[in-house]
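The primary structure of each chain is shown beneath.
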Amino acid sequence: MRTTRFAALTVSAVFALAACGGGDDSGSAASSPSVSAETSAGAHNAQDVSFAQGMIPHHQQAVEMAELADGRAASAQVKDLAARVEKAQGPEISTMSGWLKAWDEKVPESMPGMDHSGMEGMEGMAGMMDSADMDKLKKASGKEFDSMFLTMMVEHHKGAVEMATTEKAKGEYKDATAMAGDIVTSQNAEISEMKKLLGEK
């Protein structure tokens, strides 16, 4: 009975430490054989969780938008940009999902196609398109698609940069703040690129 009670207390203590995030990681943790797992699960805060849980669906929508370019876009430059968005953001979704699993936090479900009615609260997120916008983009083609895609993606990227900037300032998990820095740099560059493309039309 004592053994069971001790085990329960030990498990509770581990979860309590993980939930606290910050704290002093130096000392006994360094000698632990599972230090990498403890670091992954412990050295984060609520902002890191919020960043991952918000950026996953944000990235998912960007990837869905980019996938529409194949067969719809008229401009080779738009198709190239869309391909780069897919290539960059797909792996980041997997990475952030891995963090949330390691932290024992909820991983957002995959977006149900173009129907965002199941994404409660997501349409109000910075830069997210609503279902009507996505339907318009899906029905467009040629130069109309190019213009619509670029206009929407500029706003979408601005939202991602805003979220990433907050993570850089308030996050604790080093991998998350590093990804946030990459997002700010790469998506600001793509915003400039897309604005130039819009100016050419």
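Residues numbered from 1 in each chain as written. Predicted model: local features only at pLDDT ≥ 70, side-chain atom pairs only at ≥ 80, totals over all residues. Heavy atoms only, no water.

**Student:** Hey, could you run me through the overall build of the chain in this one?
**Tutor:** The helix and strand tally for the chain stands at 7 helices and 0 strands. For the chain, the N- to C-terminal ordering of α and β elements is α-α-α-α-α-α-α. In the chain, which comprises 201 residues, the proportion classed as buried is 41%. Nonlocal contacts in the chain, meaning residues at least 24 apart in sequence, comprise 75% of its contacts between residues at least 6 apart. Carbon and sulfur atoms form 54% of the exposed surface of the chain, whose accessible area is close to 10,900 Å². (Helix = DSSP H or I, 4+ residues; strand = E, 2+ residues; numbered from the N terminus. Buried < 20%, exposed > 50% of the residue type's maximum accessible area, 1.4 Å probe, protein only. Contact = heavy atoms within 4.5 Å. Areas by Shrake-Rupley, 256 points an atom, 1.4 Å probe, with all protein chains shown as cover.)

**Student:** Sorry if this is basic, but what is going on with the packing of aromatic side chains here?
**Tutor:** Each pair of aromatic rings is reported with the distance of its centres and the angle of its planes. Scanning all chains against the criterion turns up 4 aromatic pairs. The interplanar angle of 20° and the centroid separation of 5.6 Å between the aromatic rings of Phe145 and Phe149 together place this pair among those described as stacked. Remark: Phe149 and Phe145 occur in helix H6 (residues 142–170); sequence separation between them is 4 residues, near one turn of the helix. Taking relative accessible area as the criterion, Phe145 reaches 0% and is therefore assigned buried. (Phe/Tyr/Trp six-rings, centres within 6.5 Å; stacked < 30°, edge-to-face > 60°.)

**Student:** When you look at the environment of Asp146 in this model, what are you seeing that I'm missing?
**Tutor:** For Asp146, the location among the structural elements is in helix H6. For Asp146 and Gln77, which are 69 residues apart along the polypeptide, the C-alpha to C-alpha distance reads 9.4 Å.

**Student:** Would you mind going over the pattern of salt bridges with me for this structure?
**Tutor:** A side chain of one charge can pair with a side chain of the opposite charge when the charged atoms of the two come close. Tallied over the entire structure, the rule returns 3 salt bridges. Arg84 serves as the salt-bridge partner of Glu193, at 2.6 Å between the closest nitrogen and oxygen. With Glu193 in helix H7 (residues 174–200) and Arg84 in helix H4 (residues 76–102), the pair connects residues that are 109 residues apart, well separated along the chain. Put simply, Asp80, Arg84 and Glu193 are held in one network by salt bridges that share partners. (Salt bridge = Lys/Arg side-chain N within 4 Å of Asp/Glu carboxyl O.)

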